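# What the coordinates show
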There are 2 protein chains.
Amino acid sequence: MGKKQPSISVTVDAIVFGYEKNEGVSVLLIKRKYEPFKDSWALPGGFVQEEESLETAVKRELQEETGIKVNYLEQLYTFGAPQRDPRQRIISVAYWALVKTSLFVELKADTDASQVQWFNIEKLPKLGFDHKLILDKAIQRIRAKVRYEPVGFELLDKKFSFADLEKLYMSFLGRDIDRRNFRKKMMGLKMLDELDEWSKSEGAGRPSKMFRFNKARYEQLQKEGILFEI
Amino acid sequence: MGKKQPSISVTVDAIVFGYEKNEGVSVLLIKRKYEPFKDSWALPGGFVQEEESLETAVKRELQEETGIKVNYLEQLYTFGAPQRDPRQRIISVAYWALVKTSLFVELKADTDASQVQWFNIEKLPKLGFDHKLILDKAIQRIRAKVRYEPVGFELLDKKFSFADLEKLYMSFLGRDIDRRNFRKKMMGLKMLDELDEWSKSEGAGRPSKMFRFNKARYEQLQKEGILFEI
DNA sequence: ACAAAAGTGTTCCCTATACACCCATGG
DNA sequence: CCATGGGTGTATAGGGAACACTTTTGT
């Protein structure tokens, strides 16, 4: 330690996954207003200021560029290949979060973005920088995460049907789930409170019982970890 | 993106875990030659140069400061709290690795270190910076890792007894294991090849059969992941 | 009455866990 | 012959996986 101190810049990037019952999993992207990669889609993010923590920086950039406010982001990985940014050496610390898409329908492009938009993760545009790489890693992480920690609390309405929860898990796992086994498992975890309400009908079919998460139990399971083999 | 570009420096730190049959798990630490934290123990590491990748940087620093060469390091986490370094804003990308202690008995303190030493993770000295925090996170990570990926290949001699492997797992998991169940599990995974050799005696006791890792199978399990519930 | 979606129970198998005695060697 | 460490098998329980029919509603 000691000799040179090269000039390397530090940025943060945010992968915000949104979930919506009918739409599935989306990612929030911005269209870049400036070079490099002007008019390309990219992850929101930007330079870390000297006095702020990394997490503060992501939240700030997210707010500035997309107008959305996220409470908790988790660090994903740090990308630092020498040529990943054409301008200069930049290393980027990526963070990710999971939100309910419907809470953020009013996206406002701002400082460095000319547009902000949700993209279903099955239909992504071409991305600037190495952001495809970053996004892939984030998707991989979220898939793994679902298997050892409960998800859904922040992603569904307060009251939801079992089918809603099932769809959510199928979106994240990317495959089908047996309804009966899933229900048994979930009930066994005691994560859900059964309500005395029934869904209004949307077309044909038997109405479904409504549930809500048991917050205390949910948070306990987040700490302890679950083994979600289904 | 765009406005200011604050001057933040980027460092890498290395957590090198060493394993030795009789000693258990150790970490490689250096005694700092310069301020800040002169004469404190700390993780080896240093500034990233402008043209090198993060991984290259860790390897280089490790070699410079401790004389050891490590082939593969895995990124752990990036630490970036504003006040974590008293000099200036520094963010540090931490990497960790697992090596066989016996391969590195000749440690040579060099550039920034006045001493280099293995410390058993049960008997750690006080560390400078936020390195205790970093180390704790690394230990946590390694514990988790053992449970979904095989370890040992790089840590044991080519030929080893079942007891050796068992001790290794007990070190990492930090608890006892049932010998019989462990053996069944390992054999079931087909990770080991049984040899036609028996250990020479070291004191009393029945000689033990020797094994070696089945490299192909081992690597396959690394990719696929195992669920090591024992 | 039919289509659509929700609710429910059983069987099987596999794996984790608990547990105790015999065997080969050195001293 | 005894202390030390290595090697082996069995019984039980719990959870994951596969699987099909009934119920309620809208049309």
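- Chain A goes by 8-oxo-dGTP diphosphatase in an unreviewed UniProt entry, where it is assigned to Filimonas lacunae.
- UniProt's Sequence similarities (unreviewed entry) comment on chain A is quoted here verbatim: "Belongs to the Nudix hydrolase family."

### Digging into the overall build of chain A
- In terms of regular secondary structure, chain A is built from 5 helices and 10 strands.
- Overall, chain A is about 65 × 40 × 30 Å in size when its C-alpha atoms are taken along their principal axes.
- Across the 230 residues in chain A, those meeting the buried criterion constitute 49%.
- Measuring between centres, the 40 positive side-chain charges of chain A sit 4 Å from its 35 negative side-chain charges.

### What to know about the sheet that holds strand S9 (residues 192-198) of chain B
Residue and element names in this part refer to chain B.
- Strands sit in the order S8-S10-S9 across an open sheet of 3 strands; the sheet is antiparallel. Single-partner strands in this sheet number two, and they are strand S8 (160-161) and S9.
- Strand direction decides the pairing type here: S9 and strand S10 (residues 209-213), joined by 4 bridges, are antiparallel. Bridge pairing links Glu-194 to Phe-211 in S10.

### As for the relation of the copies chain A and chain B
- Once chain A is rotated about the relating axis by 180° and shifted along it by 0.0 Å, it coincides with chain B to within an RMSD of 0.0 Å. Such values leave the two copies arranged in the relation of a two-fold axis.
- Taken as a fraction of all interface residues of chain A, those also at the interface in chain B reach 100%, which identifies the copy contact as same-surface.

### Examining the UniProt feature "domain: Nudix hydrolase" (unreviewed entry) in chain A
- Under the local residue numbering, the UniProt record ascribes the feature "domain: Nudix hydrolase" (unreviewed entry) to residues 7-143 of chain A.
- Annotation note: span residues 7-143 of chain A, helix share 19%, strand share 37%, distance between end C-alpha atoms 36 Å.

### Brief notes about the protein's contact with DNA strand D
- Neighbouring DNA strand D are 24 residues, the closest being Lys-185 of chain A together with Arg-179, Lys-184, Arg-206 and Lys-209 of chain B.
- The sugar and phosphate moieties of DNA strand D supply 44% of its atoms located within 4 Å of the protein.
- In the environment of DNA strand D, a base nitrogen lies 3.3 Å from a nitrogen or oxygen atom belonging to the side chain of Arg-180 of chain A.
- Take Arg-183 of chain B: an N or O atom from its side chain is 3.1 Å from a phosphate oxygen of DNA strand D.
- Listing elements by their share of the surface near DNA strand D, those giving two or more residues are helix H4 (179-189) of chain A together with helix H4 (179-189) of chain B.
- The class makeup of the residues in the surface near DNA strand D is 6 nonpolar, 6 polar and 12 charged.

### Comments concerning the interface of chain A and chain B
- Contacts between the two partners involve 39 residues from chain A, matched on the other side by 40 residues from chain B.
- The tally of links between chain A and chain B comes to 0 salt bridges.
- In this structure, the connection of chain A to chain B is made through 7 residue pairs in polar contact (both at pLDDT 80 or more).
- Listing elements by their share of the side of chain A that touches chain B, those giving two or more residues are strand S1 (9-20), strand S4 (45-47), helix H1 (54-66), strand S5 (74-79) and strand S6 (90-100) of chain A.

### Looking at the protein's contact with DNA strand C
- Inspection of the region around DNA strand C gives 24 residues, with Arg-179, Arg-183 and Lys-184 of chain A together with Arg-180 and Lys-185 of chain B positioned closest.
- Close to the protein, within 4 Å, the atoms of DNA strand C are drawn from sugar and phosphate at a rate of 45%.
- Between DNA strand C and the protein, one listed contact pairs a base nitrogen with a backbone N or O atom of Arg-206 of chain A at 3.5 Å.
- For DNA strand C, a base oxygen lies 3.3 Å from a polar atom in the backbone of Gly-205 of chain B.
- Among the elements of the structure, H4 of chain A together with H4 of chain B are those that each provide at least two residues to the surface near DNA strand C.
- Of the residues belonging to the surface near DNA strand C, the class tally is 6 nonpolar, 6 polar and 12 charged.

### Digging into the domain arrangement of chain A
Residue and element names in this part refer to chain A.
- Domain parsing of chain A yields domain 1 (9-135) and domain 2 (151-223).
- For domain 1 versus domain 2, the distance between C-alpha centres works out to 29 Å.
- Taken together, the contact pairs 7 residues of domain 1 with 10 residues of domain 2.
- Note on domain 1 versus domain 2: buried area summed over both sides is about 860 Å², and carbon and sulfur give 63% of it.
- In terms of surface lost to domain 2, no three residues of domain 1 exceed Tyr-19, Lys-21 and Lys-100, which account for 66% of the buried area on that side.
- Put simply, domain 1 and domain 2 have 2 salt bridges between them.
- The interface formed by domain 1 and domain 2 contains 2 residue pairs in polar contact (both at pLDDT 80 or more).
- Contributing elements (two or more residues each) for the side of domain 1 that touches domain 2: strand S2 (24-32) and S6.
- Counting residues per element, the side of domain 1 that touches domain 2 draws most heavily on S6, which supplies 3 residues.
- Grouping the constituent residues of the side of domain 1 that touches domain 2 by class yields 4 nonpolar, 1 polar and 2 charged.

### Digging into the packing of aromatic side chains
All names here are of chain A.
- What the rule picks out here adds up to 28 aromatic pairs over all chains.
- Consider the rings of Phe-162 and Phe-182, whose centres lie 5.9 Å apart with planes at 90°: the pair is edge-to-face. Here Phe-182 lies in helix H4 and Phe-162 lies in helix H3 (residues 162-173), a separation of 20 residues in the sequence.
- Among the aromatic side chains, those forming a connected cluster through ring pairs are Phe-162, Tyr-169, Phe-182, Phe-211 and Phe-228.
- The ring of Tyr-77 carries the charged tip of Lys-137 above its face, separated from the ring centre by 3.8 Å.

### Structural notes on the sheet that holds strand S8 (residues 160-161) of chain A
All names here are of chain A.
- Strand order in the open sheet formed by 3 strands is S8-S10-S9, and the pairing between neighbours is antiparallel. Among the strands making up the open sheet, the edge pair consists of S8 and strand S9 (192-198).
- Looking at chain direction, S8 and strand S10 (residues 209-213) are connected through 2 bridges and run antiparallel. What sits directly across from Phe-160, in S10, is Phe-211.

Rules and cut-offs
- Residues numbered from 1 in each chain as written.
- Chains lettered and ligands numbered in written order.
- Predicted model: local features only at pLDDT ≥ 70, side-chain atom pairs only at ≥ 80, totals over all residues.
- Heavy atoms only, no water.
- UniProt positions renumbered as here; feature names shortened; annotations may be inferred.
- Helix = DSSP H or I, 4+ residues; strand = E, 2+ residues; numbered from the N terminus.
- Buried < 20%, exposed > 50% of the residue type's maximum accessible area, 1.4 Å probe, protein only.
- Lys, Arg positive; Asp, Glu negative; His and termini not counted.
- Charge placed at Lys NZ, Arg CZ, Asp CG, Glu CD.
- Pairing = 2+ DSSP bridges.
- Least-squares fit on C-alpha atoms with pLDDT ≥ 70 in both.
- Contact = heavy atoms within 4.5 Å.
- Near = heavy atom within 4 Å.
- Polar contact = N/O pair within 3.5 Å; in protein donor to acceptor, adjacent residues only side chain to side chain.
- Nonpolar A, V, L, I, M, F, W, Y, C, P; charged D, E, K, R; others polar.
- Salt bridge = Lys/Arg side-chain N within 4 Å of Asp/Glu carboxyl O.
- Domains from an automatic or database assignment.
- Buried area = accessible area lost by both parts, 1.4 Å probe.
- Phe/Tyr/Trp six-rings, centres within 6.5 Å; stacked < 30°, edge-to-face > 60°.
- Lys NZ or Arg CZ within 6 Å of the ring centre and 35° of its normal.

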